[in-house]
Amino acid sequence: MPAAATTGDKFTVKNGWLPRSTEGNRWIINTVGRLTGDDTDVSIAVLSHNHASMSGGISVVEQAAKITRQYLKY
């Protein structure tokens with residue numbers, strides 16, 4: 001959620017990540033959170049899997065949260 005926040009926003013976030021042996025040790029990366037501020041109150045959840053690395057998965061999730069925020073009515 002910090003990646004989707006703009007100046008003045010407050011956020012809550014719960015991230016999760018782990019390499020799954022059942023998926024060839026590829027990474028599952030998830031984030032769920034809420035952004036609030038002046039004229040802003042949105043919740044975003046991004047669930048993903050099959051990433052070769054943790055950092056690569058985090059990058060994808062951050063990009064998805066930013067893009068999603070652009071299209072939400074707030």
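In this text the structure is predicted, and so the values were computed from the model without any measurement.

1. Observations regarding the sheet that holds strand 3 (residues 40-51)
Phase 1 of the analysis: With antiparallel pairing, three strands are arranged side by side in an open sheet as 1-2-3. Each edge of the open sheet is held by one strand with a lone partner, namely strand 1 (10-20) and strand 3. Here the strands of the sheet are splayed against their neighbours by 5° on average, with no regard to which way each runs.
Phase 2 of the analysis: As paired elements, strand 2 (residues 26-37) and strand 3 share 10 bridges and run antiparallel to each other. Residue L35 lies in a different strand from strand 3, and its bridge partner there is V42.
Phase 3 of the analysis: The sheet strands contacting helix 1 (residues 54-71) are strand 1, strand 2 and strand 3, and the helix crosses strand 3 at an angle near 145°.

2. Some points on the confidence of the model for the protein chain
Phase 1 of the analysis: For the protein chain, mean pLDDT is 91; residues scoring 70 or higher make up 97% of the total.
Phase 2 of the analysis: Taken element by element, the predicted model of the protein chain shows its lowest mean pLDDT in helix 1 (92) and its highest in strand 1 (96).

3. Describing the pattern of salt bridges
Pairs can form between side chains of opposite charge once their charged atoms are near each other.
Phase 1 of the analysis: Enumeration over the complete set of coordinates arrives at one salt bridge.
Phase 2 of the analysis: Measuring nitrogen to oxygen at the nearest pair gives 2.8 Å for the salt bridge that ties R34 to D41.
Phase 3 of the analysis: Here R34 falls in the partly exposed class, since its relative accessible area comes to 40%.
Phase 4 of the analysis: Classification of D41 as partly exposed rests on a relative accessible area of 47%.

4. Quick notes on the environment of M1
Phase 1 of the analysis: In this structure, M1 sits in the segment before strand 1.
Phase 2 of the analysis: Residues M1 and D41 lie 40 residues apart in sequence; the distance between their C-alpha atoms is 12 Å.
Phase 3 of the analysis: Not counting the four nearest positions on each side in its chain, M1 is found in contact with F11, T12, V13, T31, V32, G33, R34, L35, I44 and A65.

5. So, the nonpolar core
Phase 1 of the analysis: Listed in full, the 10 residues of the largest apolar core are M1, A4, W27, I29, L35, V42, I44, V46, V61 and A65.
Phase 2 of the analysis: Counting residues per element, the ones that place at least two in this core are strand 2, strand 3 and helix 1.

Basis of the calculations
- Residues numbered from 1 in each chain as written.
- Predicted model: local features only at pLDDT ≥ 70, side-chain atom pairs only at ≥ 80, totals over all residues.
- Heavy atoms only, no water.
- Pairing = 2+ DSSP bridges.
- Helix = DSSP H or I, 4+ residues; strand = E, 2+ residues; numbered from the N terminus.
- Axes fitted to C-alpha atoms, helices over the stretch in contact; angles between N-to-C directions.
- Contact = heavy atoms within 4.5 Å.
- pLDDT = per-residue confidence, 0-100.
- Salt bridge = Lys/Arg side-chain N within 4 Å of Asp/Glu carboxyl O.
- Buried < 20%, exposed > 50% of the residue type's maximum accessible area, 1.4 Å probe, protein only.
- Core = buried A, V, L, I, M, F, W, Y, C linked by side-chain atoms within 4.5 Å.

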